[in-house]
Amino acid sequence: MFRKQLEILENVLQFDKTNVHIKGDEVARQIDEAIVFINTIENSASAPELKTIYKQVGIYYLFHKRDKDLASHYLEKFKSLTTAQTAEFAEACNLVGAAYIIDGGYQDDTLFKAAIDAYPTHDETRETQLGIAYAMRYIGLVQHRKSFANENTPAQIAEFSSNAQYAFETVIEIQQRLQENFPTVNLDLAESFHLLGVTLTRQNKLAEAKAALEEAARLWDVFCNDTHSVHPIKFITMQSLGNILMRLGQHKDALALLRDAYQQQVTYYETEEHADIAKTWHFIGDIHKNAAEYTLANAAYRKALTIKEKLYQDQAASPILKATQDAITEVSPKLLPELATLPQFNWNDYKTIKPYEAKLGEIEAAIKTLATSPLTKEENCILAEHQTQLGTYYNHVKRDPERAWEHLNLAGFNIAITFQEKLNASIYTLSNAAAAQPLREQTDKLDYMLAWNHNHHAFTYQQQLAAAKKTKNSAKIKHCQSQIAMITEHLIKNKDIKIAAFAYCVKALMQYEMGELNEAIATYKTALDMYEKNNACDDQYARAKNRWAMMLAENKQTAEAEQAFTELEKYWAEDKDTNNPYPARFFAVYGEHLLKRYEETKELDHLENAVRKFRAADKDTNNPYPARFFAVYGEHLLKRYEETKELDHLENAVRKFRAADKDTNNPYPARFFAVYGEHLLKRYEETKELDHLENAVRKFRAAHQILCITDGENAGYTKVAKQKLQDAMDAYSRANKPSSSLLPVERKELEALQLAPATSSGLRQ
């Protein structure tokens, strides 16, 4: 059994660096099977026979997954089973070294030198020459990396870089000799040109570097086209070329190239958390920093750092991690003044939402960096303003109280500390009025900021309270309730009307959540009176009054609720801003109220009023309310017709059903036409007036045309409509009284009915 499974795996896992990336999902499954097989027999006497499997699994993690730890783990096992100073041993040294060098801080070329020593001297065969070139390329890479050591003198930097350039040029010469008879060498040649371009960049030979990197990119395209695939190392060339374009001042082209690399990497790796993707984000950060776009640079560096922090366990010793941390430290002093130039969010102005959202990523990243940066008290206070804006955004737009609380808490702390220091300073200078006045103005501003911060804190707790009620978290409910009560009790005494009124609104919401409906209505009324009596009515006031009206309706205070709705309708009628979403929200709530009133009273006035409100709310063509209304209205009229047999009700019903019919499968219009046709058929039988019969045909045809599209849940209606159409037209044919009033298509169908036999379905075609 062991021999058979080993043989199957060895036959299946036959790939190298030129093809492992195109094997697809099936390879991943086979690798999983191979690892299970390895774990089963690894400690047995048969372990040495796993050599080929170790190599194949190692190659998979090296060239496809780019996973240093797993690649080196299996390739070290492969190497341990090879014989020293053989071509296989040399290959193993090259592969193990390539795995370790995935780590950007690796600078040991011992394995690659051992590989060169193990190859036979003066062996000109293709395999040996490619192996030597492979080892020399990584020796050159190690030399290139050594040129970045901080302790190097300029002469040492130049020497290491020159050594790297010589190695890469030698490798390219070897690979180009083999290129004609061995096309897959394009992969190795592309990597070599890429490394040469990187070294030339280090030497500031930008034009030569760009040419080398463009040749590398061309060779990658050739290789990928030949193999009908995408190779992950291609993205590294795109990173390096983007860096060159940046240094040449071509920021737009550089950024486009790097963003393209990022999109392809995410597609290829199927994850954001990959070392190469982190590197792309770092390069994007460099481009923005070079263009003096510091918040964008910081946001990109932050994304790189987030990925690296998850990937590198030994963070303190990781030079890759440190490089990004240093980059963030470099741009952080520029973030605070640049934040002031970005869109600012006002929780009570919907027009600020979209501009703020467009820059949200860089704003968040900047605030996160500044929160851990050394700032003066004045700078911390400015930061607090941005933190408060971000907190209110998560509160009022995203309805994410946890993230809101995080930012509001940091902001509140910064404001409180600064406020206390300014307050103390103003007290100590009371004897000098001229010196005290500016400090008092500053404390007044800080007091105002702190009050609003506390108000939004209370609102955050209110949202957490609502969430805790849904999960029945009694401890959380109690905590949130006590916090809201404590904060609002202080704020309702504030001299600023809007601060106090908002605090009353939050208190009312808490009372409502706790089942104290009457108390909530009364508290809301206090807030609304404050707004109205002080000419402070704004959109926040209108939203509060809308909520109050809903509570009144819920409390069966119908007259008071409808008066509030009427007053709000007048308020929103004066708002000429067609993009404001709040009027639509109001009309949707008002329409719901009226629909409930109709269901209670069956008074059509409520229903007709409801549709006007829903229409006013219907800025979104997918809004279901108008259709819902028309369906209810149509049903009512259909019942009225069945009771009275008055055609006015029936004709009115079809207009309502047609208005409801946003869905082509809606059965109501067809149902109407079938009922109407039945009525007309009876009228013909009573009067023998051909007009009734002609009209009946038209109604049945209309029902048939609507329903013949599908025989799904409307199959019954479809069958009836078809049969009634046939019956009506047969009756018309028997009457044998041609009429010019029939439509041409109907006359043609009558002729066909008279000539054609019935089909198996009982319908004439």
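Novice: I'd like to hear about the overall build of the chain, residue by residue, with values.
Specialist: Looking only at helices and strands, one finds 34 helices and zero strands in the chain. Considering the chain as a whole, with its 765 residues, one finds that 50% of them fall into the buried category. Taking the intrachain contacts of the chain between residues at least 6 apart in sequence as the baseline, contacts between residues at least 24 apart amount to 60%. Total accessible area on the chain is roughly 37700 Å²; 51% of this is exposed by carbon and sulfur atoms.

Novice: Now, about the packing of helix α7 (residues 126–146) against helix α8 (residues 154–179): what can you tell me, with residues and values included?
Specialist: At a closest axis distance of 8 Å, the pairing of α7 and α8 adopts a crossing angle of 160 degrees. Our classification of the angle between α7 and α8 gives roughly antiparallel. In this structure, α7 meets α8 at a crossing whose hand is left-handed. Facing α7, whose interface residues are R126, Q129, L130, A133, M136, R137, G140, L141, Q143, H144 and K146, α8 presents F160, N163, A164, A167, F168, T170, V171, I174, Q175, R177 and L178. A class-by-class count of the residues in the contact of α7 with α8 yields eleven nonpolar, seven polar and four charged.

Novice: Before we move on, could you go through the side chain of T295 and cite the residues and values that matter?
Specialist: Tracing the sequence through the fold places T295 in helix α14 (residues 294–311). The exposure class assigned to T295 is buried, which follows from its relative accessible area of 1%. A distance of 3.1 Å separates the side chain of T295 from the side chain of E362, its partner in a polar contact. With residues up to four places along the chain from it excluded, the contact list for T295 reads L335, E338, L339, L342, E362 and A366.

Novice: Before we move on, can you summarise the nonpolar core with the specific residues and values?
Specialist: Formed by 94 residues in total, the largest nonpolar core has its most connected members in I31, V57, Y61, L62 and W281. Among the elements that make up this core, the one with the highest residue count is α7 (ten residues). Listed in part, the 76 residues of the second largest apolar core include L321, A501, A503 and A564.

Novice: Mind laying out unusual backbone geometry, listing which residues take part and the relevant values?
Specialist: Phi is positive for R399, which is not a glycine, with a value near 55 degrees. Relative to the elements of secondary structure, R399 occurs in the loop between α19 (377–396) and α20 (401–428).

Novice: Explain helix α6 (residues 110–118) to me, using residue names and the numbers behind them.
Specialist: When we look at burial in α6, the residues that qualify are L111, F112, A115 and A118. Buried residues of α6, viewed axially, fall in a sector of 120 degrees; they line one side. Opposite its buried face, α6 presents the exposed residues T110 and D117, each directed more than 90 degrees away. In this fold, the buried residues of α6 make contact with α4 (68–80), α5 (87–100) and α7.

Novice: Hey, could you go over the packing of aromatic side chains for me, with residue numbers and the actual values?
Specialist: According to the stated counting rule, one finds 20 aromatic pairs in the structure shown. The interplanar angle of 70 degrees and the centroid separation of 5.1 Å between the aromatic rings of W347 and F502 together place this pair among those described as edge-to-face. Linking W347 in the loop between α16 (335–339) and α17 (353–358) with F502 in helix α23 (residues 497–513), this pair joins segments that are 155 residues apart in sequence. Neither W347 nor F502 differs from the other in exposure class; each is buried.

Novice: Tell me about the confidence of the model for the chain, and name the residues and values.
Specialist: The pLDDT averaged across the chain works out to 80; a share of 74% of its residues lies at or above 70. Across residues 661–666 the pLDDT falls below 50, and counting only partners more than four positions away or on other chains, this stretch makes eleven contacts in the model. Confidence over residues 737–765 falls short of pLDDT 50; this stretch has 44 contacts with residues more than four positions distant or in other chains.

Novice: How would you explain the environment of Q265 if you had to name every residue and give the values?
Specialist: The residue Q265 is located in helix α12 (residues 251–269) in this model. Overall, the relative accessible area of 0% leaves Q265 in the buried class. Along the primary structure Q265 and T280 are separated by 15 residues, whereas in three dimensions their C-alpha atoms are 9.2 Å apart. The contact partners of Q265, leaving out residues within four places of it in the chain, are F235, Q239, E270, D276, I277 and T280.

Novice: Quick one: what's the story with the environment of A299, residue by residue and with numbers?
Specialist: By the element assignment, A299 lies in helix α14. Residues A299 and E364, spaced 65 residues apart in sequence, show a C-alpha to C-alpha distance of 7.8 Å. In contact with A299, other than residues within four places in its own chain, are G361, E362 and A365.

Novice: Residues and numbers for the pattern of salt bridges, please.
Specialist: Under the definition given, this model contains 22 salt bridges. Among the ionic pairs, K498 bridges to D538, the shortest N-O distance being 3.1 Å. Residue K498 is located in helix α23, and its partner D538 is located in the loop between α24 (517–533) and α25 (539–554); the two are separated by 40 residues in the primary sequence. Judged by its relative accessible area of 34%, K498 falls in the partly exposed class. Given the relative accessible area of 15%, D538 is considered buried. Via salt bridges that share partners, R137, D188 and E191 belong to a single interconnected network.

Novice: Can you explain the side chain of T388? Please cite residues and give values.
Specialist: Note that T388 resides in helix α19. Non-local contacts of T388, meaning those with residues more than four positions away in its chain, are made with L408, A411, I415 and N453.

Novice: Could you give an account of the packing of α12 against helix α13 (residues 275–290), with specific residues and numbers?
Specialist: Where α12 contacts α13, the axes come no closer than 10 Å and their chain directions differ by 165 degrees. If you check the angle between α12 and α13, you find them roughly antiparallel. As for how α12 packs across α13, the hand of that crossing is left-handed. In this structure, α12 contributes H251, A254, L255, L258, R259, Y262, Q265, V266 and Y269 to the contact, and α13 contributes D276, I277, T280, W281, F283, I284, I287, H288 and N290.

Novice: Go over helix α9 (residues 185–202), please, and point to the residues and values.
Specialist: The end-to-end C-alpha distance of α9, which contains 18 residues, comes to 26 Å, matching closely the 26 Å that a straight helix rising 1.5 Å per residue would cover. At the exit of α9 stands N204, carrying a positive phi of roughly 65 degrees.

Novice: Account for the environment of A28, with residues named and values stated.
Specialist: Tracing the backbone shows A28 in helix α2 (residues 25–41). C-alpha separation for the pair A28 and Y60, spaced 32 residues apart in sequence, amounts to 8.8 Å.

Rules of the game
- Residue indices begin from 1 for each chain and proceed along its sequence in written order.
- pLDDT decides what is reported in this predicted model: residues at 70 or higher carry local features, side-chain atom pairs at 80 or more are listed and counted, and totals for whole chains, interfaces and linings draw on all residues regardless.
- The basis for every side-chain value is the complete set of heavy atoms in the structure, and neither hydrogens nor water enter the calculation.
- Helix numbers and strand numbers start at the N terminus; a helix is a DSSP run of H or I with at least 4 residues, a strand a run of E with at least 2.
- Per-residue accessibility, obtained with a 1.4 Å probe over protein chains only, is compared with the maximum for each type, and a residue is labelled buried under 20%, exposed over 50%, and partly exposed between these values.
- Contacts are assigned to residue pairs that have any heavy atoms within 4.5 Å of one another.
- Working definition of accessibility: Shrake-Rupley area with a 1.4 Å probe, residue cover restricted to the visible protein chains.
- Structural elements are reduced to axes, namely lines fitted to C-alpha atoms, with helices fitted over the stretch in contact, and the angle between N-to-C directions of any two is expressed from 0 to 180 degrees.
- Should an angle lie under 35 degrees it is considered roughly parallel, over 145 roughly antiparallel, and from 65 to 115 roughly perpendicular; all remaining angles are considered oblique.
- Definitions for this section: a left-handed crossing has its near helix turned counterclockwise from the far helix by less than a right angle. A right-handed crossing has that turn clockwise.
- Classification used: nonpolar for Ala, Val, Leu, Ile, Met, Phe, Trp, Tyr, Cys and Pro, charged for Asp, Glu, Lys and Arg, polar for all others including Gly.
- Polar contacts, as used here, are pairs of N or O atoms within 3.5 Å; protein pairs need one atom able to donate a hydrogen and one able to accept it. Residues neighboring in sequence count only if both atoms are side-chain atoms.
- Here the nonpolar core consists of buried residues drawn from Ala, Val, Leu, Ile, Met, Phe, Trp, Tyr and Cys, with membership extended through side-chain atoms lying within 4.5 Å.
- Starting at the helix axis, one direction is taken to each C-beta atom, and the arc is that of these directions.
- Note on aromatic contacts: the rings of Phe and Tyr and the six-membered ring of Trp form a pair at centre separations within 6.5 Å, being stacked when their planes are under 30 degrees apart, edge-to-face when over 60 apart, and tilted otherwise.
- Here pLDDT means the predictor's own confidence in every residue, given as a number from 0 to 100.
- Definition used for salt bridges: Asp or Glu carboxyl oxygen within 4 Å of a side-chain nitrogen of Lys or Arg.
- Take the number of residues in a helix, subtract one, and multiply by 1.5 Å to get its expected span.

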